[in-house]
Amino acid sequence: MDTDRLDAALTAALEEVEPDHSGETSDYLDDVAGRQRDGLAAAVCTVDGHQASAGEAEHAFALQSVSKALTYAVVLEEVGLDAVLEHVGVEPSGEAFNHLSLHDDGRPYNPLINAGAIMAHALVPGKDAQTRAGLLLDRYSAMAGARLEVSEGVRAAESARADRNLGLAHLLADPGVLPIEAREAVDGYLTQCSILVTAPQLAVMGATLAAGGVNPLTGERVLQEWVAEQSLSVMLTCGMYDATGQWVAEVGVPAKSGVSGALLGAVPGAVGIATWSPRLDERGNSMRGIGIFERLSERWDLHVL
Ligand code: DON
């Protein structure tokens, strides 16, 4: 599809969902994100590098839980599938993102719930928190084809309410399965959640996954093909929390949502899609983001089945 047609389709989808102001923004993020609670942006990037965007395409928002899928890809690439599977599974939990959801052997069900994401972060190679965060920023930036940064404001808001994540991390540490200290794992996980992207940058990250690990804008191979495939598989089965079944039935695209209202989708061999709209449904997924994906999936026949 050429860029003009992409633009027109994206703008139409955005205009259709725009009037919907239902849903709530996450209250603890009000200080940093609440002022833009009715913001809206969408972007796509095809695997051959065609881009389009609509709405507030310049606005940078925090990745939040979308980072879970990206860090999973990075640790697969860095330490290999077997080492990752020894620490975190690939089964949907069917529970909310902040539940413990551990297999009997102590492994979190999957890397896209908080317990699994804290574990995945702890697998990032590096001698200290700064090295691990630096490696993630480098790899995320390569996926986006742009230099990304951490929002100190978001990170501070996150750290101020980290008790539940710390609780999860301590429960992972107790049987000795968390490779680094609990506090460090949570701080690092919250740092990755606080990395800022625009919708067009996030769409390029999706396109990198959709293209089997090659960034379609820079041509750089950022991830091996099997890593992209494994990451997309887990996004398809676990990416929308306990609403993933409904998402797959209706939209059918590997995806990951975040509490900032970010939503990343990647259709293998075709396109990366990103939306940002902070009002969330009761499961924590972006209301208007879902609306845009539903429309694009139907109009572009994106359902993977
Ligand atoms: O772990 C947390 O509390 C957040 N920083 C990330 C949560 C998130 O995005 C889950 N969202 N719906």
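Residues numbered from 1 in each chain as written. Predicted model: local features only at pLDDT ≥ 70, side-chain atom pairs only at ≥ 80, totals over all residues.

Engineer: Summarise the sheet that holds strand β2 (residues 51-55); cite the residues concerned and give the values.
Structural biologist: Read from one edge of the open sheet, five strands run β2-β1-β8-β7-β6, paired in antiparallel fashion. Strands with a single pairing partner mark the edges of an open sheet, and in this sheet they are β2 and β6 (255-257). Direction aside, neighbouring strands of the sheet carry axes that sit 10° apart on average. Pairing geometry for β6 and strand β7 (residues 262-267), over three bridges, is antiparallel. Bridge pairing in β7 links K256 to L264. Contacts from helix α10 (residues 199-210) reach β1 (41-46), β2, β7 and β8 (271-276) within the one sheet, and its direction differs from that of β8 by about 150°. Across the sheet, helix α13 (residues 287-300) lies against β1, β7 and β8, angled at about 150° from β8, the strand it touches most. (Pairing = 2+ DSSP bridges. Helix = DSSP H or I, 4+ residues; strand = E, 2+ residues; numbered from the N terminus. Axes fitted to C-alpha atoms, helices over the stretch in contact; angles between N-to-C directions. Contact = placed C-beta atoms within 7 Å.)

Engineer: Help me get a handle on the packing of helix α6 (residues 129-144) against helix α9 (residues 182-193), residues and values and all.
Structural biologist: Running from amino to carboxyl end, α6 crosses α9 at an angle of 30°, the nearest separation of the two axes being 10 Å. Relative to α9, the element α6 is oriented roughly parallel. Crossing hand, α6 versus α9: right-handed. Of the residues in α9, those touching α6 at A129, R132, A133 and L136 are E184, D187, G188, T191 and Q192. The residue inventory of the contact of α6 with α9, partitioned by class, reads three nonpolar, three polar and three charged. (Parallel < 35°, antiparallel > 145°, perpendicular 65-115°, else oblique. Left-handed = near helix turned anticlockwise from the far one by under 90°. Nonpolar A, V, L, I, M, F, W, Y, C, P; charged D, E, K, R; others polar.)

Engineer: Could you give an account of the site of the ligand, naming the residues involved and the relevant values?
Structural biologist: Around the ligand, a shell composed of Q64, S65, F97, N114, E158, N165, L190, C193, S257, G258, V259 and G284 is seen. Across the shell around the ligand, the residue classes tally to four nonpolar, seven polar and one charged. Residues from two domains meet in the shell around the ligand; each of domain 1 (3-64 + 196-300) and domain 2 (67-193) gives at least three. (Near = placed C-beta within 6 Å. Domains from an automatic or database assignment.)

Engineer: Residue-level account of the environment of G269, with values.
Structural biologist: Here G269 is to be found in the loop between β7 and β8. Judged by the 11 C-beta atoms lying within 10 Å of it, G269 is exposed. When neighbours within four sequence positions are excluded, G269 is seen to be in contact with V47 and A210. (Buried ≥ 20, exposed ≤ 12 C-beta atoms within 10 Å, placed from the backbone.)

Engineer: Give me helix α5 (residues 114-122): which residues, what numbers.
Structural biologist: Across the nine residues that make up α5, a large majority, nine, are buried. Taken residue by residue, α5 has N114, A115, G116, A117, I118, M119, A120, H121 and A122 as its buried positions. In this fold, the buried residues of α5 make contact with α3 (66-79), α4 (81-87), α8 (163-173) and α9.

Engineer: Would you mind going over α6 in detail, with residue names and values included?
Structural biologist: In this model α6 runs 22 Å from its N-terminal to its C-terminal C-alpha over 16 residues, within 8% of the 22 Å that 1.5 Å per residue would give. Along α6, the positions that sit buried rather than exposed are R132, A133, L136, R139, Y140, A142, M143 and A144. Contact partners of the buried residues in α6: α3, α9, β5 (195-197) and α10. Looking one or two places after α6, you find G145, whose phi comes out positive at around 70°. (Expected span 1.5 Å × (residues − 1).)

Engineer: Which residues make up the environment of E56, and what values do they have?
Structural biologist: Mapped onto the elements, E56 comes out in the loop between β2 and β3 (61-62). A C-alpha to C-alpha distance of 18 Å links E56 and T25, two positions 31 residues apart in sequence. Discounting chain neighbours no more than four positions away, the residues touching E56 are G39, L40 and A41.

Engineer: So what's going on with the nonpolar core? Residues and values would help.
Structural biologist: In terms of nonpolar packing, the biggest core is built from 99 residues, with I118 and A203 touching the most fellow members. Residue assignment places this core across two domains, with domain 1 (3-64 + 196-300) and domain 2 (67-193) each supplying three or more. The contact partners of A203, leaving out residues within four places of it in the chain, are A43, V44, C45, G272, I273 and A274. (Core = buried A, V, L, I, M, F, W, Y, C linked by C-beta atoms within 7 Å.)

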